[in-house]
Amino acid sequence: MSISTTVPAPNSKMNSESNTKKVMLSAVTPSNTLTLGNYLGALKNWVGFYENYDCYFFSVDLHALTARQDPKALLDHTLRALANYLAAGIDPKKAKLFIQSHVRQHAELSWILTCHAYMGELSRMTQFKDKSSKQGQNIGCGIFSYPILMAADILLYQTDLVPVGEDQKQHVELTRDLALRMNHLYDTELFKIPEPFIAPVGARIMSLQNPLAKMSKSDTDPNASIFLTDSNDQIVKKFKKAVTDSGTEITDDPAKPGVKNLLTIQSAITKKPIAELVEGYRGKMYGHLKLETAEMVVAEIGPIRDKSNQILSEQTELMKILREAAQAASVQAELTTTKVREALGLLSPAR
Ligand code: AQP
């Protein structure tokens, strides 16, 4: 199934009245090198969004701190993520590409929202349950409260739409609850109420070693994820080792999650429906499917890897883009925080 065909139409009434585009916001956590999942589930779709929406695409370095990070690696991953955005074709003149911590209001609004959130609603977050169960005894407070930082990310820009995976939908619901609570409590429209935009089925890329789990940056099995830094050889090797299923026939069958994952990757790249791809594999073996998927992935992300390396080798232009976008984002962020400060009785400093 094609994954980028359902960009909701902007609200023409609002556009004609205010002459502004609706706001769309999305981000990736630089907790490691970005994966093929991040690319096909997020970056590749973003390219089509900014013609119709005012887009904020950023790298959420403060979110990465919820797990212990090596400082140098965090810096590298943060810059590489932004280089990946540019190399994937996102136009910095049409979308704001920036680093979360460069807009100080994210942390400020996060604290204010923390004081309006309840322990109960945060404990119900499935991602908290999943992530905390992996952390043993010393569960960091950041793991518990990061959905509030995510809410601040969204509400600062008066966002209309947030493209999220199914697993993040709960966080957008929390954001909506917090926004409605604050608007009601202070009897003024401090925040726009955002809507989740769920990409159609097919955007979720699974681990090559466990096709029942999402392909993840932090997977400890190096063969489970394709990273946007992998060499062509590494990509081919990982696909050759990909876990498939019993049997030999290539079909779109929930009982064959490994095969389905490879077909999903091909579909996300070619935009062809899975049924059409399956037709082309009649009488062929799993080996064909693995190799052809590897070749498609090499053709798709190889140039992004090379372009990213080039962008990172001449960082002046990248830094200029990041600085200007952060300045532009800060203007909107400051409008929102000023409104919030005034409503709460906090004296605004002269910035
Ligand atoms: N496997 C995936 N398939 C499709 N989309 C994916 N995204 C991430 N993995 C896949 C999408 O990428 C965007 C940014 O996600 P993120 O990196 O901030 O957080 P995440 O979803 O928690 O990604 P990881 O790789 O699993 O992070 P770690 O390992 O650090 O916890 C989102 O739009 C997400 O849907």
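What counts as what
- Residues numbered from 1 in each chain as written.
- Predicted model: local features only at pLDDT ≥ 70, side-chain atom pairs only at ≥ 80, totals over all residues.
- Heavy atoms only, no water.
- Salt bridge = Lys/Arg side-chain N within 4 Å of Asp/Glu carboxyl O.
- Helix = DSSP H or I, 4+ residues; strand = E, 2+ residues; numbered from the N terminus.
- Buried < 20%, exposed > 50% of the residue type's maximum accessible area, 1.4 Å probe, protein only.
- Expected span 1.5 Å × (residues − 1).
- Bend = angle between axes of the 7 residues up to and from the residue.
- Core = buried A, V, L, I, M, F, W, Y, C linked by side-chain atoms within 4.5 Å.
- Domains from an automatic or database assignment.
- Contact = heavy atoms within 4.5 Å.
- pLDDT = per-residue confidence, 0-100.
- Near = heavy atom within 4 Å.
- Polar contact = N/O pair within 3.5 Å; in protein donor to acceptor, adjacent residues only side chain to side chain.
- Areas by Shrake-Rupley, 256 points an atom, 1.4 Å probe, with all protein chains shown as cover.
- Nonpolar A, V, L, I, M, F, W, Y, C, P; charged D, E, K, R; others polar.
- Axes fitted to C-alpha atoms, helices over the stretch in contact; angles between N-to-C directions.
- Parallel < 35°, antiparallel > 145°, perpendicular 65-115°, else oblique.
- Left-handed = near helix turned anticlockwise from the far one by under 90°.
- Phe/Tyr/Trp six-rings, centres within 6.5 Å; stacked < 30°, edge-to-face > 60°.

1. Some points on the pattern of salt bridges
Across all of its chains, the model carries 15 salt bridges by this definition. Here Glu-121 ties to Arg-181 by a salt bridge, and the two come within 2.7 Å at their closest N and O atoms. A residue pair is termed long-range when its members are at least 10 positions apart, and Glu-121 in helix H6 (residues 119–123) and Arg-181 in helix H9 (residues 169–185) qualify at 60 residues. Measuring nitrogen to oxygen at the nearest pair gives 2.8 Å for the salt bridge that ties Lys-260 to Asp-252. We classify Lys-260 as partly exposed; its relative accessible area is 30%.

2. Side note on helix H8 (residues 141–156)
Look at H8: 22 Å from first C-alpha to last across 16 residues, which is about the 22 Å you get at 1.5 Å a residue. Residue Pro-147 marks the point of greatest curvature in H8, where the axis turns by about 35 degrees. Backbone geometry just downstream of H8 places Gln-158 in the positive-phi region, at approximately 50 degrees.

3. Examining the nonpolar core
One recurring pattern in soluble globular proteins: nonpolar side chains tend to sit buried together. Leu-36, Phe-57, Tyr-85 and Phe-239 are the most contacted members of the largest nonpolar core, which has 59 residues in total. For this core, the leading source of residues is helix H13 (residues 286–313), giving nine residues. Counting contributing residues per domain, this core is built from domain 1 (22–198 + 315–344) and domain 2 (232–311), each supplying no fewer than three. The contacts of Leu-36, once residues within four sequence positions are left out, are Met-215, Ile-226, Leu-228, Phe-239, Ile-265, Val-297 and Ile-301. If you look at the next biggest cluster of nonpolar residues, it comprises 38 residues, including Leu-25, Ile-148, Ile-154 and Ala-325.

4. Some points on the confidence of the model for the chain
Taken residue by residue, the chain gives an average pLDDT of 90. The fraction at 70 or more is 93%. This model gives residues 1–18 a pLDDT under 50, and the stretch forms 38 contacts once residues within four places in sequence are excluded.

5. Here's the deal with the site of the ligand
Among the 18 residues in the neighbourhood of the ligand, the closest are listed as Ser-31, Lys-214, Ser-216, Lys-217 and Ser-218. For the ligand, a nitrogen atom lies 3.2 Å from a polar atom in the backbone of Gly-37. Bound to the protein, the ligand loses 89% of the 650 Å² it would expose on its own. If you list the elements that add at least two residues to the shell around the ligand, you get strand E1 (22–28) and helix H2 (36–49). Examining the composition of the shell around the ligand, we find that four residues originate from one element, H2, more than from any other. For the shell around the ligand, the class distribution of residues is six nonpolar, eight polar and four charged.

6. Description of the environment of Asn-52
Examined against the element boundaries, Asn-52 turns out to sit in the loop between H2 and strand E2 (53–59). Sequence-wise, Asn-52 and Val-23 are 29 residues apart; in three dimensions their C-alpha atoms are separated by 9.2 Å.

7. Here we look at the packing of helix H10 (residues 232–240) against H13
For the pair H10 and H13, the least separation of the axes is 9 Å and the interaxial angle reads 150 degrees. When the axes of H10 and H13 are compared, the pair comes out roughly antiparallel. Our pair here, H10 against H13, has a crossing hand that is right-handed. Residues Asn-232, Ile-235, Val-236, Phe-239 and Lys-240 of H10 lie in contact with H13, whose contacting residues are Lys-290, Leu-291, Thr-293, Ala-294, Val-297, Val-298, Ile-301, Gly-302 and Arg-305.

8. A short note on the packing of H8 against H9
Where H8 meets H9, the axes come as close as 9 Å, and the angle between the chain directions of the two elements is 70 degrees. Judged on the interaxial angle alone, H9 and H8 are roughly perpendicular. Between H8 and H9 the crossing geometry is right-handed. Contact residues: Tyr-146, Pro-147, Met-150, Ala-151, Ile-154 and Leu-155 in H8; His-171, Leu-174, Thr-175, Leu-178 and Ala-179 in H9. When the residues that make up the contact of H8 with H9 are grouped by side-chain class, the tally is nine nonpolar, two polar and no charged.

9. Re the packing of aromatic side chains
Under the definition given, this model contains eight aromatic pairs. On the basis of an interplanar angle of 85 degrees and a centroid distance of 4.9 Å, the ring pair of Trp-46 and Tyr-85 is categorised as edge-to-face. Taken as a pair, Trp-46 in helix H2 and Tyr-85 in helix H4 (residues 71–87) lie far apart in primary sequence, 39 residues in all. The pair Trp-46 / Tyr-85 is uniform in exposure class, with both members buried.

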